[in-house]
Every structure is written in structure tokens, then in C-alpha cells.
2 protein chains.
Amino acid sequence: MFSEMKSVKKLQKMKAVDLKREFTDQRIREMVLSGSGFHLLYAAEQVNSEIINALYELAEESQVAKKMKAMQEGEIMNKIDGFPSENRSVLHTAMRDQFDHRQSRGEAKLAAELAERELKKLEAFLEKIDGKFTDLIQIGIGGSDLGPRALSIAAAAFQKPNVKVHFISNVDPDDANSVLKCVDLKKTLVVVVSKSGSTLETLTNEEFVKERMIQSGLNPKDHFVAVTGEGSPLDDPKKYLASFYMWDFVGGRYSATSMVGGVVLGFALGYQGFLEILRGAHEMDQHVLKSDLRSNLPLLSALLGIWNRNFLGFETVAIIPYSQALLRFTAHLQQLDMESNGKHIDKTGKVVNYSTGPVIWGEPGTNGQHSFYQLIHQGTDRIPLEFIGFKKGQYPHDLKIQNTTSQQKLLSNLFAQSIALATGQENENPNKVFTGNRPNRILLAECLDLQTLGALLSFYEHKVAYQGFIWNINSFDQEGVQLGKVLANKILSLFKGEKGSFPLGEAYLQFLNED
Amino acid sequence: MFSEMKSVKKLQKMKAVDLKREFTDQRIREMVLSGSGFHLLYAAEQVNSEIINALYELAEESQVAKKMKAMQEGEIMNKIDGFPSENRSVLHTAMRDQFDHRQSRGEAKLAAELAERELKKLEAFLEKIDGKFTDLIQIGIGGSDLGPRALSIAAAAFQKPNVKVHFISNVDPDDANSVLKCVDLKKTLVVVVSKSGSTLETLTNEEFVKERMIQSGLNPKDHFVAVTGEGSPLDDPKKYLASFYMWDFVGGRYSATSMVGGVVLGFALGYQGFLEILRGAHEMDQHVLKSDLRSNLPLLSALLGIWNRNFLGFETVAIIPYSQALLRFTAHLQQLDMESNGKHIDKTGKVVNYSTGPVIWGEPGTNGQHSFYQLIHQGTDRIPLEFIGFKKGQYPHDLKIQNTTSQQKLLSNLFAQSIALATGQENENPNKVFTGNRPNRILLAECLDLQTLGALLSFYEHKVAYQGFIWNINSFDQEGVQLGKVLANKILSLFKGEKGSFPLGEAYLQFLNED
């Protein structure tokens, strides 16, 4: 167990670095890990070489390299020993294992071949429908929504002219209604995404849109595409223009590089554009597989997170991209991280006696500076930050105002915040005192092009996996979402008039019936 | 000081209610406060009548009624005694004090009259430009962006046909570029919002859009409107089609009901639509002013928050609207709450020895259920939740699938989550154990119409104000954002080639210059 590891005991005795005293320009120059087009700048974390060494000992003691290799090779990683569990491989990396250095054996090879078959289908499909549709609506929720949506927004600068993509996720009818308000259904392709073909929200919204289409005199069969498990109720050529497959070895929150993201991103960016995202993700997959521990970017980020979480005791992490294109990327990471690592038992079913996944939240900079940064600088709790920045914008057009470009202003703010948070400020006026020692790090890349976007996605997937390996939890199931579903069905029965079975639900429902 | 109050000492000795044992249907029926069209259902909070009584003692001991009255009457509330501070009234309530029961004296009366003058100007302006513009771009950041944006999205169901509104906030040039991609500048009105007329991001984006307009052969003077302080550099009839005024007594994060929200919401909803929002906000302002303590909805919400924060020790609050229209409302509340109450000194300048504002985060339900709820149900930290729900959707169209409507499915999920979080679940399989005792409450209203939206905005403004009153902090300044600005300007100087003054900044910049 994590709490009994030698390296953990060692780390427990170590003291956080006081950045108010020790944050220097030399530190900034030295505390950087570079590779695969990224710099991870971590001078503003409360670590020194002794702590870093102990964190790498923890990584070795946790056998992270072996576990990452096993995961990418297709071993059963999604399980709880001694108890009924999903018992599955975890092979989102196979979805993009379509380039050099392919996995050559077993499950991983098979999964990459299955993914390749879907890619070929997608390429042919996109060619076939070219020019027929101006809009695409993706209907899905959770992993079938957040990742593809975050990537679509992030890649909008590279979108084909004259196409638009939309998403309907919420069972709230206002969600579907507001999207349907702004499309011409005649020219709209609808992608329904559900692995089991039984997700309540998704099926409801599918029917909702289908009904509207029929009312408009259109045949849904000519407009609807399914992304689903082979043989699911959605896998039906009589009802869908095409079916693309997904599998149990790719979890929802890890599915953006499968056909769950593929159809919508291929439609928006063209097939080659989607391949660029896959290429970037694959490069990062290779980076974590081939690097030695000390060169591994997501691993270092994971370890710094563990230091902040388990040894300094921070409960949340703010992820702040200084990039408007990453507007919804944090919402994706929120799911990725919190659904993966928000667990209270370890892989043997024991209740853990240490903290696992933190709350992940955030909004793009510089916007956040004019919002919640007040609390980050001067609140009574400390919040570690993960910044993401790019040297260049996505669009070629920028403008010099007062002798600096907007991109330079953006980066000035990013670096200034990192420094201000670390060093703080003394002042005679207590309201102008900043206590500093607010740890942060910066992941810096050249430009948020499609390949970098894919790499960034994979970077965080692996950071999360490494933290799960170290905490010895199963990062790939989500039993915690089940109870709510069961109780929601009980309340739905009450709505249908079936009485007497659920007093708590009835008590809540009475508030709907009065005036 | 808060920590020395009699009621606080009393509360410290009280024990959280064990919801796993005590959560009953009777509790749900009894623990509700209703008024002004809202129910606040708080059976799933870890309180009992003894705790509630002590919390109301705390409210009395903190003189919240007196302070709320003083605020709405225009007393100087934004100050730190004994130190230089902003020394201002706090009169966002005056912006909507345009109906019955108007304040009759002093600053508050004056402020309401000033607001009325701007409303009249707005009404005439909207009439004058009627039909001339199809799109409006609001350029602003922080309070000039988040509140108006959240309200625009929330009110989209009531928008006039054939108009669209857009927002540019981030200094990231990709933000402006991506908005400019989708408007016809000839038919676009641009609203520039900055009280001082000196906000870096806003002025940069203004120039950015102006340049594009000039390139398109248009005269910015015919398209640009300013919302700014009287006499600011933006208050210039030679450069702007019109100027609307804002004042020091309305803070950015409290400004959505001033002209900061007025121009864009008036354009989108019509003048009467904006008035409806004001009417709702005013009703809630009156509710808090006129209710006795025990009937006051925002006060009860504030007190439950204080119980969770200061006595149960929770660091974050998830605000989860079961309404897709409130998609960005939590981002507004994040600013409102965290910038107001993320403070480490009290109103006399003393460093506090108790927790103030928590981290506020959240996404709409049911989406969140398929994302971060795993951690909320089974993670190692507990997260209190504030749900917001409505009996009806905004659009008339809904559809019965499997015998229930989408709205019923939405509400079933909301109530089911409240119950599941409170009661948890025992199971032989440790992965199916839910430890429960996750406190939550539900704010329930009839329908998110414009008036309810205004009331909801005001509800949270007052909840935040009450918590600030109880913590005895200044909820109305934001000194914590200053240091970052100063350092960003130093780095901008480095970009301009002025050397040697800021080694920390130079160290970061070196990573931009290499390849």
C-alpha cells in the first residue's frame, strides 16, 4: 500500500521548499524537463533535488514503467483483485497506434488493427458524404461528449470552411431545443454515440432529434450515424447510414481518439486533420513508453501532483491554459482525472488511508485573472496550478499595440502569474500582502496545432494513469456513477405512477406538484 | 473576530448529522424554506434544528440584517478600517431599484436615479438601432464578461429572432480571431466595456477589432459603443456611437444588471426582456431586505455554507444546475464568490484565523454525473453540492420516451443524486460501497424565465454578501489581482527590449527564444 512504501515514508519527512526565499532565475533555468516538443517548467513547485529524487524512488517502487508497458501491451489493467470487476484491457493507446513502432503482439496488436479498420471506414465514409452536409450534431454524454467537444473547440482554427459541429449531451430538453434552433436539418448529419446503446440521456436525445426530423419530412436513416459497440441495439444498418465501432477496452473518458472523436473531428477537420491529432497522441504514447523515468514528461507532472496532494495536502488543482482555444479542455480533464482517480479503494479492494485524485477545475487565462485569482493569491487555502502555454497563437493574425503583440501580452501574464504566486509580496498595508508559496508549473509548447493537441491529450491521459499506478487504484472503472442511476430509475417509476416503493423520492416529488 | 464569537464557540461543539442514519422522507418534507418563487430544500445538509438555531444566532451576532440594510442604502461597505482602501458604497442593488419600494435617501436614491437615466438612454438607443445590426460583440473581461455571458446563454431561449451575441475577453489573439471569423462586420455592433477605460485585455481587443473594421472599409465610429466611467478615455462621442455609464459603487462582478449587462441583454432580448431580469433581481433584493432572518433564502444558503466551510472543514463547493441554460452560470458564480470572499484579512486589516471563501466549481447536471461525480460519490475528500433545479424547461417542446418526459428524467436524476449522496450504500463488494454523508441542498424554482434568472443572480450576490458579513471581510475589493498586473507589465517591458530589470522574467522568456 502507498502509505507503507519506503519512499513515501522518506517523503513524509521532507519539507516543502520555501519559494519566497528560494525562487531564483537560476532555478527557472535549471528546473525544466524538455522533450517531444514540450517544456515542463517546474521551478515554482515546492521541490528541490532531494524531493525529486525521492519522488523518482516512489515511481520505481510503484513500478510505473512496468505498468505503463503492460497497459499499452494490453494486459488486464481494469480490475479489482478478489472481487467482481470489469476485468478489461485498457487500450486507448491502440486507437492511435497507426504509425511507426506498432505494438506487435496480442490484445494491443488486435486492438490497433480493429481501430485501423474503423479508420478506413471513416475515410471512405467522409469521402462519400463530402459536400452533402453542412452541420453535424453529436449526441453523447460524458466521455462521448467532453473529449470530442474540447478537441473540436481547440481545433476550430483548423476547421474546414462552411462546416459546423454541435453537441447535445444533457437530458435537459432545453439542450436539444437550443441546438435544433440553429441547424438546417436537411443538411445535418447526426452522430449518436453510446457503447452499450442504452445510455438514457443519449437515447432520449436521439429520439428527440429523430422526431424533429420526421416532422420536417426527412428520413432519419439518411442522416443518422451510430458510434457504438458491435452488435449493440444501435448497430443496425436498417436505421443508420453507417455504424462505427468502439470496444470495452477503451473507456469513455479515454475515447476521444477512437471513433467517438473520429467521426466529428474527421467531419470538421478532414480525415487528415484527425490523423494529425492521432499522430501527436501516438508520439506522446511512445514518449512515455520509451523514455527513461527521468525524461518522462507526464510522469514528472504526475509526481509533482503526488507531492502536492499527498505530502503538502492540497485538495484541488487548477488547470489553467493560457489559450482561449482550450476553453473546454479543463472540463475534459476534470472528467478524465476525477472519474479515473476519485477512488477510495485500492486494486485489492482495501479502503485506502491516503488521498487519491484531487478536484480538478479551471478556466483559461487571462480570463481567470479577472475572476478567481483573487482567492488563489490571497485566499485562506492554497491551490496548486498547472499552466499550459504556447509560444505562438493558432491564427497567423496578431497586432502590435503599445509595442507588443497580443500573444506577448498573453505570455507576459502567464509568466508573471507564475512568479507572483511563488514569491508573493510584503507590504505595510495588509491588504497588499501576498503570502506566496503557491506552487505552480508551466507546460509550454510551440503552437497548439493538431499534432500538439493530440500530444497534450495523451500527456494528461498518461499523467492520470501514472498517478493511479502510484496510488495503486483502478483508474479505469467508474462504479461510483451506478447508485445515482439506480435511484433515478426508481424516481422515474414514481413519475410513471408506480407508487409506494421509494418514500425519499416521493417526498422530493411533492414539491413539484404544489403551486 | 469570527473565531471568538459566542455562537461560533457553540457551533464548534456541535456534531454533524449522520445522514446515513437520519435522512428520512419526513426530513425532506420539513427541511425546506420557501419564498419569492423558490424552495430551498436542505434535508441533505448535515444539520438539525439545534445547529440551525446556532447558525441563526451567528447571523444575529454578525448583524447581517443591519449590514444588508446599510449596503442597500448606500453606506460605505467597501473599505478596510485603518488602512488605505477603496472606501466606496456598494450599490449594485440600485441598478434594479426601478420598481416599487424604491430607496428614498442619499447615495442609494442617487444611484438608482443615475441607473434610471442610463436605462432611458438604452431604451432610446435600442429603438434607434433597431434592425440595423444582426450581431453584437461584447469586448470585456472578468465582470464585464462572465456575468453578461452567463445571462445571455441562460436567456437564449427568449432571444429575439435573427440576432446573435458574441463575447471577446481573452488577450489571446485566437479569441478575437475566432469570433471575427463568424460575423459580418457591416452588421455588427461592438460594445467595449471597461470602467477605467484602461483594462489591457479590453483595449487590446478593441484595437484588434477596430483594425479589422477599418480594413473592411467600415468606420468604427458607426459600430462601437462604450460602457465606461463618465469622463474615462472611452467616454468620447467622437469615437463612439454612444456611451453608457458605470460607477465605482458597482463592482465588476456585481455589474451584470448595470449597463455592463444592459446593452448586450437589451440587444438580445429587447429592452423589456432586460427589464424582466431587473425586476426579478429587485424582487430578491426586497426579499432579503424585508424578510425576517428565518425567512431569508440567501441567508439560509449562506449559513449552510458557513457550517460546511468553517465547522465541517470543506474546501470546495460544487454548484450544479440541472439546467443546460445555466451552462456558464457557475463560471460567473466562481468569480462572484471567489473574488469577493477569497480574502485573508478582516475589515480591520487583521489576518484571519479561520477559513473564508471556498473554491467554487461545477458543470450542469446531468452532464456532471457522467464526469466528475465518481469522485464526489467515492473519492477520498467530501465535496458539498448546491443543486439548482426547475420544474419546467424553458422551451415548450418536450417528448415522452418510455413514458416520461425529458424534464422528468432530468428531475429524477437531480433528486436521485441528492438522496444517493446523503445516504450512500452498503455492499459486500468494496467497489460498490458509497460512504454517503455528502451534504447537498437544492434550490428549486418553477421555470428559468427572465424574472427567475434575475432573482437567481441576486440570490447568489446576497448569499456571497452575507458570508462576507459573517466572516467580517471586505467582499467588494480585489487587491489580490494587482501583483500579477505589475509583474506582467515588467515582462512586457522585457519584450519591448528594456533589459536588466527583472531576472525572473528574463529566465522564463529564454524558453521562448530557443528552438
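In this text, all values refer to a predicted model and were calculated from it rather than measured experimentally.

Rules used throughout
Residues numbered from 1 in each chain as written. Chains lettered and ligands numbered in written order. Predicted model: local features only at pLDDT ≥ 70, side-chain atom pairs only at ≥ 80, totals over all residues. Helix = DSSP H or I, 4+ residues; strand = E, 2+ residues; numbered from the N terminus. Rg over C-alpha atoms; globule rule 2.2 N^0.38 Å. Buried ≥ 20, exposed ≤ 12 C-beta atoms within 10 Å, placed from the backbone. Contact = placed C-beta atoms within 7 Å. Pairing = 2+ DSSP bridges. Least-squares fit on C-alpha atoms with pLDDT ≥ 70 in both. Nonpolar A, V, L, I, M, F, W, Y, C, P; charged D, E, K, R; others polar. Axes fitted to C-alpha atoms, helices over the stretch in contact; angles between N-to-C directions. Parallel < 35°, antiparallel > 145°, perpendicular 65-115°, else oblique. Left-handed = near helix turned anticlockwise from the far one by under 90°. Core = buried A, V, L, I, M, F, W, Y, C linked by C-beta atoms within 7 Å. Expected span 1.5 Å × (residues − 1). pLDDT = per-residue confidence, 0-100.

Trainee: Kindly report on the overall build of chain A, identifying the contributing residues and their values.
Mentor: Assigned secondary structure in chain A consists of 19 helices and 15 strands. Compactness check: chain A gives a C-alpha radius of gyration of 24 Å against a globular reference of 24 Å for 515 residues, within 12% of the reference. Counting across all 515 residues of chain A, residues that qualify as buried make up 60%. Partitioning the intrachain contacts of chain A with sequence separation of at least 6 by distance along the chain shows that 75% fall at a separation of at least 24.

Trainee: Outline the pairing of strand 12 (residues 385-392) of chain A, listing residues and values.
Mentor: Residue and element names in this part refer to chain A. Burial within strand 12 is extensive, with six of its eight residues counted as buried. The pairing of strand 10 (residues 316-321) with strand 12 spans four bridges and is classified as parallel. Following the sheet pairing, Pro 321 is matched in strand 12 by Ile 388. As paired elements, strand 12 and strand 15 (residues 440-447) share seven bridges and run parallel to each other. What sits directly across from Leu 385, in strand 15, is Asn 440.

Trainee: Give me the lowdown on the relation of the copies chain B and chain A, citing residues and values where you can.
Mentor: Overlay of chain B on chain A (RMSD 0.0 Å): rotation 180 degrees, translation along the axis 0.0 Å. This pairing of chains is accounted for by a two-fold axis. When each C-alpha of chain B is compared by its distance to the rotation axis, Trp 361 of chain B comes out closest, at 3.3 Å. Of the interface residues in chain B, 100% have counterparts in chain A that sit at the interface too, so the contact is made through matching surfaces.

Trainee: Describe the interface of chain B and chain A, and please don't skip the residues or the numbers.
Mentor: The interface is formed by 120 residues belonging to chain B together with 120 residues belonging to chain A. For the side of chain B that touches chain A, the leading source of residues is helix 16 (residues 406-423) of chain B, giving 13 residues. Its residues assigned to classes, the side of chain B that touches chain A shows 52 nonpolar, 48 polar and 20 charged.

Trainee: Pulling in residues and values, what's your account of unusual backbone geometry?
Mentor: Backbone torsion omega between Gly 365 of chain A and Thr 366 of chain A reads 5 degrees, so that peptide bond is classified as cis. As for its placement among the helices and strands, Thr 366 of chain A is situated in the loop between strand 11 (359-361) and helix 15 (373-378). The backbone of Asn 162 of chain B sits at a positive phi, close to 65 degrees, despite the residue not being glycine. Within the element layout of this structure, Asn 162 of chain B appears in the loop between helix 8 (146-154) and strand 6 (164-168). C-beta crowding within 10 Å serves as the criterion here: with 8 such atoms nearby, Asn 162 of chain B is assigned to the exposed category. The phi dihedral of Asn 472 of chain B falls on the positive side, at around 55 degrees, and the residue is not glycine.

Trainee: Help me get a handle on the packing of helix 18 (residues 482-495) of chain A against helix 16 of chain B, residues and values and all.
Mentor: Remark: helix 18 of chain A packs on helix 16 of chain B, axes separated minimally by 8 Å, with the N-to-C direction vectors making an angle of 130 degrees. In terms of orientation, helix 18 of chain A lies oblique with respect to helix 16 of chain B. As helix 18 of chain A packs across helix 16 of chain B, the resulting crossing turns out to be right-handed. Residue-level inspection shows Leu 483, Gly 484, Leu 487, Ala 488, Ile 491, Leu 492 and Phe 495 of chain A of helix 18 of chain A in contact with helix 16 of chain B, the latter providing Gln 408, Lys 409, Ser 412, Asn 413, Phe 415, Ala 416, Gln 417, Ile 419 and Ala 420 of chain B.

Trainee: An account of the environment of Leu 457 of chain B is needed here, citing residue identities and associated values.
Mentor: All names here are of chain B. Along the chain, the position of Leu 457 falls in helix 17 (residues 450-471). You can call Leu 457 buried: it has 28 C-beta atoms within 10 Å. Counting along the chain gives 306 residues from Leu 457 to Leu 151, while the straight-line C-alpha distance between them is 8.8 Å. If we ignore the near neighbours within four places in the chain, the residues touching Leu 457 are Ala 256 and Ala 281.

Trainee: Give me the lowdown on the sheet that holds strand 5 (residues 135-139) of chain B, citing residues and values where you can.
Mentor: Residue and element names in this part refer to chain B. If you walk across this open sheet you meet the five strands as 6-5-7-8-9, and the pairing is parallel. Since the sheet does not close on itself, it has two edges, and those belong to strand 6 and strand 9 (242-246), each with one partner. Pairwise comparison of adjacent strand axes, ignoring direction, gives a mean angle of 20 degrees for this sheet. Note that strand 5 and strand 7 (residues 188-193) share five bridges and pair parallel. Looking at the pairing, Leu 136 lines up with Leu 189 of strand 7. On top of the sheet, helix 7 (residues 106-129) reaches strand 7 and strand 9; it is set at about 155 degrees to strand 9, its chief contact.

Trainee: Give me the sheet that holds strand 5 (residues 135-139) of chain A: which residues, what numbers.
Mentor: All names here are of chain A. Pairing is parallel in the open sheet, where five strands are placed in the order 6-5-7-8-9. Strand pairing shows two members of the sheet lacking a second neighbour, strand 6 (164-168) and strand 9 (242-246), which therefore form its edges. Here the average twist between neighbouring strands, direction ignored, is 20 degrees.

Trainee: Residue-level account of the nonpolar core, with values.
Mentor: Ala 154 and Val 191 of chain A together with Ala 154, Val 191 and Ile 470 of chain B are the most contacted members of the largest nonpolar core, which has 328 residues in total. Discounting residues that sit within four places of it in the chain, Ile 470 of chain B has contacts with Phe 2, Leu 58, Ala 59, Ser 62, Val 64, Ala 302 and Ile 306 of chain B.

Trainee: With reference to specific residues and values, describe helix 13 (residues 297-311) of chain A.
Mentor: Residues and elements named next belong to chain A. With 15 residues, helix 13 extends 21 Å between its outermost C-alpha atoms, agreeing within 8% with the 21 Å of an ideal straight helix rising 1.5 Å per residue. With 15 of 15 residues buried, helix 13 lies mostly within the body of the structure. At the exit of helix 13 stands Gly 313, carrying a positive phi of roughly 80 degrees.

Trainee: Before we move on, could you go through the environment of Val 171 of chain A and cite the residues and values that matter?
Mentor: Its place among the elements puts Val 171 of chain A in the loop between strand 6 and helix 9 (173-180). For Val 171 of chain A, a count of 32 C-beta atoms within 10 Å gives the class buried. Note: C-alpha distance between Val 171 of chain A and Thr 204 of chain A (33 residues apart in sequence) is 7.0 Å. Apart from the residues lying within four places of it in its own chain, the contact partners of Val 171 of chain A are Leu 200, Glu 201 and Thr 204 of chain A together with Thr 366, Ser 406, Lys 409 and Leu 410 of chain B.

Trainee: So, the pairing of strand 1 (residues 32-35) of chain A: which residues are in play, and what are the values?
Mentor: All names here are of chain A. As paired strands, strand 1 and strand 2 (residues 38-41) are joined by four bridges and run antiparallel to one another. Each residue of the ladder has a partner; that of Gly 35, found in strand 2, is Phe 38. The antiparallel pairing of strand 1 with strand 2 creates a hairpin that spans two residues between the two strands, and Ser 36 there sits at a positive phi of about 50 degrees.

Trainee: Please give an account of helix 8 of chain B that cites residues and values.
Mentor: All names here are of chain B. The buried fraction of helix 8 amounts to nine of the nine residues, a majority that puts the element mostly inside the structure. Turning to helix 8, its buried residues number three or more, namely Leu 146, Gly 147, Pro 148, Arg 149, Ala 150, Leu 151, Ser 152, Ile 153 and Ala 154. Summarising the contacts, the buried residues of helix 8 are in contact with strand 5, strand 6, helix 11 (259-269), helix 12 (271-290), helix 14 (329-341) and helix 17.

Trainee: So what's going on with the packing of helix 13 (residues 297-311) of chain B against helix 17 of chain B? Residues and values would help.
Mentor: Residues and elements named next belong to chain B. The N-to-C vectors of helix 13 and helix 17 enclose an angle of 50 degrees; their axes lie 8 Å apart at closest approach. Considering the angle they form, helix 13 stands oblique to helix 17. Crossing of helix 13 against helix 17: the hand is right-handed. Here helix 13 contributes Leu 297, Pro 298, Leu 299, Ser 301, Ala 302, Gly 305 and Ile 306 to the contact with helix 17, which in turn contributes Phe 459, His 462, Lys 463, Tyr 466, Gln 467 and Ile 470. Class assignment of the residues belonging to the contact of helix 13 with helix 17 gives a composition of eight nonpolar, four polar and one charged.

Trainee: Give me the lowdown on the environment of Ile 401 of chain A, citing residues and values where you can.
Mentor: Among the secondary structure elements, Ile 401 of chain A is positioned in strand 13 (residues 400-401). Taking the C-alpha atoms as reference points, Ile 401 of chain A and Asn 429 of chain A, 28 residues apart in sequence, are found 34 Å from one another. Setting aside its immediate chain neighbours within four residues, Ile 401 of chain A contacts Thr 204 and Glu 207 of chain B.

Trainee: Describe the confidence of the model for chain A, naming the residues involved and giving the relevant values.
Mentor: Within chain A, residue pLDDT values average 96, and 100% of them lie at 70 or more. Across the whole predicted complex the pTM is 0.97, and at the interface the ipTM reaches 0.96.

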